[in-house]
Every structure is written in structure tokens, then in C-alpha cells.
Amino acid sequence: MIKKIFAPGNDSTMTNFGLLVLRLWFGLTMCLHHGVDKIVGWNYLAPTWLDPFHIGHQASFALTVFAEAVCSFLLALGLVTRFAALVLVINMSVAFCMVHKEDLKAGELAYVYLGVFVVLFVTGAGKFSLDKALFGKGGKSSTAAKKG
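With that settled, consider the environment of Val65. Along the chain, the position of Val65 falls in helix H4 (residues 57–77). Judged by its relative accessible area of 7%, Val65 is buried. Residues Val65 and Asp37, spaced 28 residues apart in sequence, show a C-alpha to C-alpha distance of 9.3 Å. Ignoring any residue separated from it by four or fewer positions in sequence, one finds Val65 in contact with Lys38, Ile39, Trp42 and Val70.

Okay, structure coming up:
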């Protein structure tokens, strides 16, 4: 029993459950507390939004909303997870480096989100996801791998 609890998992059910919890926790929190707030406040926030890439305040704001509302929801669902996580990594990198000027005190939340989104970009969604349901294993099947 002790070995089972402390043994490192390699694509185990608990590892996949952990990825599900991470996706839901951070994806829904980002979507509901940051994405939806920005959609609701669009008219007020967009005209003065930071424009780090010089594409216009509205366009910069639209990209932020896409990341924080759409991609975070996709992340929570586990749908095109690595794409969604990559967009969120870029968004949180801009937030941490350009908005908070790499100040951990002011930008701690962006830094924490960045770390989680990097992990989810690297690991993918896990077994309990729409990615798994729609795209299956990906790569070679286990039967083909055994024959090769």
C-alpha cells in the first residue's frame, strides 16, 4: 500500500486524475476570474489596454481575451490542450515580463499561472480529456510498436 502511494506514476490513473484537476482548477479559474471579466468590461478596458506588440489596443485586448477566456476554457475541457496551453504560456509571459516587469511581488499570480501552463503544455491533457476521446493515443499504436 505504501509503495503504491509514494511510487512515481508513469501515465498512471492518479497522474491523469492530477492533470484533470490541474486543468479544471487553473483553466476554469483563469476563464471565470480573468476571461469573463474582460469580456464583460470590453468597452471600458479595450481602449487603454497595453499594446506590447504595437498592433493596437483593441487587437492586443482581443488576443488577451482569446487566451484568457477561450483557451483557458479549452484547457479545462482538455480540448486541443497543448495549443491552448501554448497560447496561455505566451499570454502569461507577456503579463509577467511586460506588465509586471518580472517583479515577483506584483506578478506572482501571472508567474504561478505561467508555471502551470508550461507543465500542461509539456504533459498534455492526460487520459481524462476530450483530446484523448477525439484523438486517441496519437503516434504508433501499441500493436504496431510491439511488431516493430
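Having seen the structure, we can now continue with the description.
Among the secondary structure elements, Glu68 is positioned in helix H4. Judged by relative accessible area, which is 6%, Glu68 ranks as buried. Only 3.0 Å separates the side chain of Glu68 from the side chain of Asn91, close enough to count as a polar contact.

The rules behind these values
Residues numbered from 1 in each chain as written. Predicted model: local features only at pLDDT ≥ 70, side-chain atom pairs only at ≥ 80, totals over all residues. Heavy atoms only, no water. Helix = DSSP H or I, 4+ residues; strand = E, 2+ residues; numbered from the N terminus. Buried < 20%, exposed > 50% of the residue type's maximum accessible area, 1.4 Å probe, protein only. Contact = heavy atoms within 4.5 Å. Polar contact = N/O pair within 3.5 Å; in protein donor to acceptor, adjacent residues only side chain to side chain.

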